[in-house]
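What follows is each chain in one-letter form.
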Amino acid sequence: MKKLFFIFTLFLLVISCGNEEENSTTKNGLVTQKSVEKNNLNNIKTRIANSVLKFRQKEQYFVGKNPRLGFLINFKDEKLNLLFAKNKKEAFSLSFLSIERGNETKTTKYLRTVLGKCSNPNRVDTDLKCLQRVEIQRENLTEWFENKHNSIEHGFDIFKKPQGFGKIKITLNLENATALKKDNYILIKQGKKTVAKYSKLKIKDKKGKTITGTLNAKNNEIILSFDDSKLIYPIEIDPTITVTETENKKLTASDGAEDDEFGYSVSISGDFAIVGAYWDDDNGENSGSAYIFSKDFGGANNWGKVKKLTASDGAKDDHFGTSVSISGDFAIVGAYGDDDNGSDSGSAYIFSKANNWGKVKKLTASDGAQGDEFGISVSISSDFAIVAAPYDNNNLGSAYIFKIKKEQTITFNPIPTKTYGDSDFDLIVTTSSGLPLSFTSSNTNVATVSGPTVTIVGAGTTTITVSQSGNDYYLPALLKLKINQLRIIVIYTN
């Protein structure tokens, strides 16, 4: 008897992401000069980035957050209170305790806590530097905090020179933490865990003269001291609170060149990071690129480059990599200078880890128009992406949300050797989505299928297709099994 042999691999087709919808209009006056364009873009991105750092009033106190440091912030009870953003548990509190000259303590009566030092008091709502600052005002002394991306600036303004002789000493009190002196900085610790770093103490007087001070620690106290004998009052005292880094790795482009601006945009999720270089020239001058890095690629904590991303249809001045975002198995890269819907109408590209970080979808605005700059900022999280078009509708601006479909994989169990004339057999096939599968045979004179059950009825060749059509959450997938008289062959194509 002739025997049938079965050889298997997988055939999987990946179809791209969902449809886009939303709106845009044409506008006049496009920016063409490179330096002006870069300045405008930097200003927009700075304002967007700084908006998350502003403080707001809640009941009788001010609250805010610092995403990069991982802290929630409030100013209850005349002090700075920091909570870990992940679990909202208290990190530590920092409060002013006393100011001394020599051995004499100076009284400083508490007056009020206010929002910021506004450069334009009539436009508090739009002055982000004002909204990023909280002041705790006392007699002859104002303590202030400014929320910045990489730090919380802490400082004091002293308006009149304190009477007496000797150095000035300011003592701060820590709650839920202790202070440990290290060289010229202080570690703020909870048990053995370091939660923050207090450093960079500098003092500047009325005429701009700057001196450095000394930081010391005693149990739960941080002590700032300095010699003010040659300073002209008022003076500003300015240390900084940051988060200490346990690992440090500098990323660069292996093929980097002058003016690529590698690092203009960055994002990280889990063990993967993406870095934009929007002036790279691989597809023409300023066409742009982005790089994917993986934490353990090339060795533990090596953060090696996995892949360089470019637009398959990239062109001069697309600025691919202006904005980047990565989340889970997907990354998105903005190209605000793309011209699909007119000059600088813009686009964005979705890339998938399962597809070796290949492109799975190009996004454009369904109503995109010249100068919209769709893609100037992007973000991705779970199954959704959002893309901004700041110059849409006569500079009113808009943003577009896209649904990202996940890939699904069809897998099967190996089929044992069959002898012609054996009884029907079942293909044991599953999909990662758990959705129902469909089975068809291209030549029912060779084999028929009913659900997953296969019946060999004659010699010849047929292809059995196992498919899953996808839904709102998953992309379609196909598995093709080619059957001839002697064997079944499953062909893999990606």
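Each remark here, short or long, concerns the structure printed above.
Since the model is a prediction, treat every value here as computed from it, not as a measurement.

Draft legend 1. Here's a closer look at the nonpolar core. F92, I170, Y198, I222 and I237 are the most contacted members of the largest nonpolar core, which totals 43 residues. I332, A385, F402 and I404 belong to the second-largest nonpolar core, a separate cluster that totals 16 residues.

Draft legend 2. Geometry of the sheet that holds strand β20 (residues 262–269). With antiparallel pairing, the four strands of this open sheet are ordered in space as β20-β21-β22-β23. One side of each edge strand has no neighbouring strand; the edge strands of this open sheet are β20 and β23 (304–309). Direction aside, the axes of adjacent strands within the sheet are offset by 25° on average. Strand direction decides the pairing type here: β20 and strand β21 (residues 272–277), joined by six bridges, are antiparallel. Across the sheet, S265 pairs through a bridge with G276, a residue of β21.

Draft legend 3. View of the sheet that holds strand β36 (residues 447–450). Within the open sheet, the three strands sit side by side as β33-β37-β36. Their pairing is antiparallel. On the outer flanks of this sheet lie β33 (425–426) and β36, each paired with one strand and no other. Alignment of β33 against strand β37 (residues 453–456), held across two bridges, turns out to be antiparallel. Bridging across to β37, D426 finds its partner in T453.

Draft legend 4. Local environment of the packing of aromatic side chains. What the rule picks out here adds up to 15 aromatic pairs. A centroid spacing of 6.0 Å and a plane angle of 35° characterise the contact between F71 and F84, whose relative ring orientation is tilted. Of the two residues, F71 sits in strand β4 (residues 71–74) while F84 sits in strand β5 (residues 80–84), which places them 13 residues apart along the sequence. Across this residue pair, the class does not change: F71 and F84 are buried.

Draft legend 5. Examining the environment of S450 more closely. Within the secondary structure, S450 sits in strand β36. Considered as a pair, S450 and S438 are 12 residues apart in the sequence and their alpha carbons are 9.4 Å apart.

Draft legend 6. Fine view of the pattern of salt bridges. Per the stated rule, a full pass over the model turns up 16 salt bridges. Close ionic contact of E175 with K79 constitutes a salt bridge, the shortest N to O distance being 2.8 Å. With E175 in strand β12 (residues 168–175) and K79 in the loop between β4 and β5, the pair connects residues that are 96 residues apart, well separated along the chain. For E175, a relative accessible area of 30% corresponds to the partly exposed category.

Draft legend 7. Representation of the pairing of strand β22 (residues 289–294). Summarising burial for β22: six of the six residues are buried, a large majority. Of the two faces of β22, the one lined by S289, Y291 and F293 and the one lined by A290, I292 and S294 are each fully buried. The pairing of β21 with β22 spans six bridges and is classified as antiparallel. Its bridge partner lying in β22, V275 is registered against Y291.

Draft legend 8. Seen up close, the environment of S467. When you line up the elements, S467 lands in strand β38 (residues 462–468). Along the primary structure S467 and L437 are separated by 30 residues, whereas in three dimensions their C-alpha atoms are 5.7 Å apart. If sequence neighbours within four positions are ignored, S467 has contacts with I410, P436, L437, S438, A477 and L478.

Draft legend 9. Up close: the side chain of E153. Looking at the secondary structure, you find E153 in strand β11 (residues 152–158). K148 provides the closest opposite charge to the buried, unpaired E153, separated from it by 4.2 Å. When residues no more than four places from it in sequence are discounted, the contact partners of E153 are W144, F145, E146, K148, D238, P239 and T240.

Draft legend 10. How the structure looks around the pairing of β21. Buried residues dominate β21, accounting for six of its six residues. Side chains F272, I274 and G276 project from β21 onto one buried face, and the interleaved A273, V275 and A277 project onto a second face that is buried too. Counting the residues in the hairpin turn of β20 and β21 gives two residues, including G270, whose phi is positive at 60°.

Draft legend 11. Broad picture of a positive patch on the surface. Together, R56, K58, K65, K76 and K88 give the surface a local cluster of positive charge. Residue position: R56 is located in strand β2 (residues 56–58).

Draft legend 12. Structural detail: the side chain of T242. For T242, the location among the structural elements is in strand β19 (residues 235–242). What makes T242 buried here is its relative accessible area of 16%. Beyond its immediate chain neighbours, meaning those up to four positions away, T242 contacts N150, S151, A196 and K197.

Draft legend 13. View of the environment of I410. Within the secondary structure layout, I410 lies in strand β31 (residues 410–412). Judged by its relative accessible area of 0%, I410 is buried. Taking the C-alpha atoms as reference, I410 lies 8.4 Å from V466; in sequence the two are 56 residues apart.

Draft legend 14. Representation of a nonpolar patch on the surface. A cluster of nonpolar side chains, namely F384, I386 and I401, defines an oily patch on the protein surface of about 280 Å² accessible area. Looking at where I401 falls in the secondary structure, it is placed in strand β30 (residues 398–403).

Draft legend 15. Structural detail: unusual backbone geometry. Looking along the chain, the bond that leaves Y233 and enters P234 is cis, with omega of 5°. Residue placement: P234 occurs in the loop between β18 (221–226) and β19. Residue N219 is not a glycine yet carries a positive backbone phi of 55°. With respect to the helices and strands, N219 occurs in the loop between β17 (214–218) and β18.

The rules we used
- Residues numbered from 1 in each chain as written.
- Predicted model: local features only at pLDDT ≥ 70, side-chain atom pairs only at ≥ 80, totals over all residues.
- Heavy atoms only, no water.
- Core = buried A, V, L, I, M, F, W, Y, C linked by side-chain atoms within 4.5 Å.
- Buried < 20%, exposed > 50% of the residue type's maximum accessible area, 1.4 Å probe, protein only.
- Pairing = 2+ DSSP bridges.
- Helix = DSSP H or I, 4+ residues; strand = E, 2+ residues; numbered from the N terminus.
- Axes fitted to C-alpha atoms, helices over the stretch in contact; angles between N-to-C directions.
- Phe/Tyr/Trp six-rings, centres within 6.5 Å; stacked < 30°, edge-to-face > 60°.
- Salt bridge = Lys/Arg side-chain N within 4 Å of Asp/Glu carboxyl O.
- Contact = heavy atoms within 4.5 Å.
- Lys, Arg positive; Asp, Glu negative; His and termini not counted.
- Patch = residues over 30% accessible without salt bridge, like charges linked within 9 Å, V, L, I, M, F, W, Y side chains within 5 Å.
- Areas by Shrake-Rupley, 256 points an atom, 1.4 Å probe, with all protein chains shown as cover.
- Charge placed at Lys NZ, Arg CZ, Asp CG, Glu CD.

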